[in-house]
Every structure is written in structure tokens, then in C-alpha cells.
Amino acid sequence: MSSAFLSSAFLAGMRFEARTMRRDGAIWFALLALAGVALFALAMGASRVAAQQAAIAAARADETQRLSNLQKTLAQLQQGETQGKPAPEPPPYRDPRNAAFMGGGPAAAVAALPPAPLALVATGQSDLLPPAVRVTTGSKDSFLFADEIDNPANLMSGATDLAFVVVFVYPLVILAMAFNLLAGEREQGTLAMTLASARRPSAALAGKLTARVAAPIVATLLAVAAGVWIFAGWERVASPGFAALLIVLLLYGLFWAALAAAVDGLGRGSAFNALTLIGAWVAITMILPAAINSLAAFAHPAPSRIDMVLAARAASTDADRARDASLARYAQEHGDAGKPAGGPQEMTLRRLATQEAAFQRVEAIVAEHDAQLARQRDMADRLGYLSPAYLTYQAMADVAGSGETRYRAFLDRIRAFHLDWREFFLSRAKAGASLTAQDYAAMPKFTQADEELVARPPAGLAGPLIGVALPMLILAIFAWRGFRRCRI
């Protein structure tokens, strides 16, 4: 019987509050604005995904064209040799038979990471790393960091994506709806009527709170579903990744609702509730994430990307200078116009040896930088459980396929492919072998495992989801106690 009374009081409170909210124009404006901002963010995400797909398509078309031209030139050279009418010798850097030069640029392979099915949800790392790179026999800094992906000012301000709207705007609407349920009724003099008319006052108040917080949460979920359907297609809405996204949004919304209810249950005034909740919003969404990243960077300092690139290129320049100095000494000691014995092949071997020395130095610098960044990320991930906003953003980035997990796998695959690429071309260059049509057909191809092509599976989001759900449950318990102690 008591559970029936409890449920009836809860539903009665929810229905009464819903009827009151329907007559409030400000609430409709807030909900429509929230839905509109979410749809706009998804539209911007869809345009960003289209640009990434266009960049990948252009890179692959360029690769196909380059290889086709090289094979055509190679066929002409071989045909001329066969017919006894050799064509004019091209310079080494344009000679398709020259393995040392072809692997370093003209025949470079494209390694691409296509956008995941829900890439429109969050920008994540996609504005820092290119969607496609041209892998050469040079060091990784020569192709991974060859171009700036976006205007630095745009990178500083961040992208307008759904993750930004959810992390920052979504909680504000929930807090505005729920911050003064008890305080507002107490100040308006209607709390006494609510407490006296309900058999279970706490259940009735919980029903009124549910109606208030359900409105922005449902509006956001519906807007996200509609936006993904419009801009990405129905198959994306029916995917497991989209279900995981809805769970993330629901838990994050319930966390802020529980926080608002817990503060309101303290029995203070509306002004106190508003200031407390705004302070909590600033701390959770802005201060704590910044502090987490700062602490991780302080504990495991790593050079900036610019410093790392400059150091890597300085190592390459030093190796070039060492080669020039070595050749100058050889010319001074042996004469003969400075040409070492052995002819062009000897010169090629010397140049390759110098490049290898530069490669080893650059690889050491890049490896040290990557290792320090990995330690930073691991520490930030552990500290991230202090901020539900941090966890929510990371979870949305993983669902979108633009998080750390997917990009780490992509970079690891590039590292392995880079070694295969160098071995294929440099082994032939050191042996003095010319590239043939069979070599072009046998060149290494960049392939990706199935798990690299999709976003992080929902099972991998268990940690962030628990990190948001646990404080939400604790706050809900405090809120329920506060509602049960509610007095006029």
C-alpha cells in the first residue's frame, strides 16, 4: 500500500509540475534554444567530417596519380632500352628507378584514418592530427608534422561541436530548471500547500523535480537523435555507438540534476542555491579539467610540439652538416674534385648513411616526446575521475572516434608501416638495384585493423560512465534526505 501511495504522490507531483511548465514561455524558449544549439553543433560536425573525407579522397587521388605517372615513365624508359633508343635520362629525383629518391617523396604512400560513423559528435584530436599523411623514408617529423592543421587561434578557442554544447551548455539549462524547486516554493509561500496536500510530500517533490529535469534531458536526447539522423543517416542512430552516446548524455544530465537537488535540499534560499551551483559548474567544467592537465604536465613535463619538431629538424640539419664536413675533408685529402672513389653508388651509400644517422637521432627525440606525452595522458586519465565534465568529454570523443585511444592505435600503425616502407626502398637503394614494375606492384600498402576503423566500443566506456554515475548516486541520496527533511 505504501508503495502505491508513494507512486501516486510522485506521479501527481510530476503531472502538476508539467502542467505548470507548459504555461511558462521562458521554459519553452530555453528548451528550444538548447535543442537548436545541439542541432547547429551537429551540423558543424557534419561539415567538418565532410572536409576530412574530402582531404582523404584528395590525398588518395594524388597518390594514385603520382604512382600512375611514375609507372608510365618507367615503362617508357624500359621500352626505350629494349628498342635500343634510350630516352633522355631524367634527374635522379625524378627517375622512377631510383629507390633512394622515390621512397622519399614521389612514391610516398598515404596513411589515412577515415572519420568514424559518429565523428560529427566531437572534434577531439581530429583538429590536431591530419586525417591523411604521406609516409616517406625520412624521419616521422618530416611527414607527421609537415603541415599545420588549423589556424592556431581557432585551435585555442576550440571547435563548436556537440561535446562542447553538452559539457558546458547542457548543465546550465538543467541547473536553471532545478536550482530552486524547494527554495522557490518556500519564498512564494506555496510549499506549505504542497506539503499539506500530499500523503508523501517527499515523493511529490521528487515528482516535481523529475518533471523539471526531464524536460531539458529529453529535449537534448531528441535533438541529438534528430541531428544524427539528418546529418549522418538512420544507420548511425541504430548503432551501438549511438546508444552509448545517449547513455553518456543521460548520466551527465542526471549528475547535474542530482547536484541541483542536493543543494536545494539544504534548505537555503534561491540566491544561495544559484551562486553555489554556478560555482560548482565553473569548478567542474572549467577549473578541474584545466588543473588536471596542468598537474599532469607539471608531473611529466614534455616539450611542446613546436620544440619537438625544431629539435628533430635540428638533428637532421646537424647530420647534413656532418655529411658535408666529411665530404669536404675527403676532397681535401684525396683531391680529384672531391669525388670519392666508387662513383655514384658510393655517393648514394654515403648519403643514405648520413640520412640513417639523422633518422636515428630524430627517432630518439620523437620517442622521448611520445613517452612523456603518454605518461601525461595516463596521469590525466586517472585524475579525470575528479571531474564528471572531463570524463563526459573523453567518453564522447571516444564514441566519435576522435579520442586518444583511436589516434594512438593509428599512430602506432603508422610507426610499424614506416619501418616496412623504409626497409623496402632503402634495402634496394643500398644494393644499387633499380626499381622495376614488379617492385611498384609489390610496394607496401597501408592497412588498418578493423578496430582502428571504428570508434571505441561501448564496453570500453565503462570506466568514464561509472565515474559519472557514482557521484550522481551519492548526490541523489543526499538530495532525497534533504527532501524528506523538508519543512516550511
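In this report, the structure presented in the accompanying data block is examined.

A word on a positive patch on the surface
- On the surface, Arg15, Arg19, Arg22 and Arg23 cluster together into a positively charged patch.
- Among the structural elements, Arg15 can be located in helix α1 (residues 2-22).
- According to the relative accessible area criterion, Arg15 is partly exposed, its value standing at 48%.

Side note on helix α19 (residues 462-484)
- If you check α19, its first and last C-alpha atoms are 32 Å apart, about what 23 residues at 1.5 Å a residue would give, namely 33 Å.
- All of the buried residues along α19 are Pro464, Leu465, Gly467, Val468, Ala469, Met472, Leu475, Ala479, Gly482 and Phe483.
- In the core, the buried residues of α19 are packed alongside α7 (181-188), α9 (201-232), α11 (240-264) and α15 (388-400).

Some remarks on the pattern of salt bridges
- One pass over the full model with this rule turns up 10 salt bridges.
- Glu17 is the partner of Lys208 in a salt bridge, and the nearest nitrogen-oxygen pair spans 2.7 Å. Of this pair, Lys208 sits in helix α9 while Glu17 sits in helix α1, and the two are 191 residues apart along the sequence. Exposure class is identical for Lys208 and Glu17. Each is buried.
- For Arg415, the salt bridge is made with Asp370, and the minimal N-O distance between the two is 2.7 Å. Remark: Asp370 occurs in helix α14 (residues 343-383) and Arg415 occurs in helix α16 (residues 404-430); sequence separation between them is 45 residues.
- Residue classification places Arg415 among the partly exposed residues on the basis of a relative accessible area of 27%.
- Asp370 gets classed as partly exposed once you look at its relative accessible area, which sits at 23%.
- Members of the salt-bridge network, linked through shared partners, are Glu17, Lys208 and Arg212.

A few points about the packing of helix α6 (residues 162-178) against α15
- One way to put it is that α6 packs onto α15 with a least axis distance of 10 Å and a crossing angle of 160°. The orientation of α6 relative to α15 falls into the category roughly antiparallel. Regarding α6 and α15, the two cross each other, and that crossing is right-handed. Within the contact between the two elements, α6 uses Leu162, Ala163, Val166 and Val167 and α15 uses Ala389, Thr392, Tyr393 and Met396.
- Across the contact of α6 with α15, the residue classes tally to seven nonpolar, one polar and no charged.

How each quantity is defined
Residues numbered from 1 in each chain as written. Predicted model: local features only at pLDDT ≥ 70, side-chain atom pairs only at ≥ 80, totals over all residues. Heavy atoms only, no water. Patch = residues over 30% accessible without salt bridge, like charges linked within 9 Å, V, L, I, M, F, W, Y side chains within 5 Å. Areas by Shrake-Rupley, 256 points an atom, 1.4 Å probe, with all protein chains shown as cover. Salt bridge = Lys/Arg side-chain N within 4 Å of Asp/Glu carboxyl O. Lys, Arg positive; Asp, Glu negative; His and termini not counted. Charge placed at Lys NZ, Arg CZ, Asp CG, Glu CD. Helix = DSSP H or I, 4+ residues; strand = E, 2+ residues; numbered from the N terminus. Buried < 20%, exposed > 50% of the residue type's maximum accessible area, 1.4 Å probe, protein only. Expected span 1.5 Å × (residues − 1). Contact = heavy atoms within 4.5 Å. Axes fitted to C-alpha atoms, helices over the stretch in contact; angles between N-to-C directions. Parallel < 35°, antiparallel > 145°, perpendicular 65-115°, else oblique. Left-handed = near helix turned anticlockwise from the far one by under 90°. Nonpolar A, V, L, I, M, F, W, Y, C, P; charged D, E, K, R; others polar.

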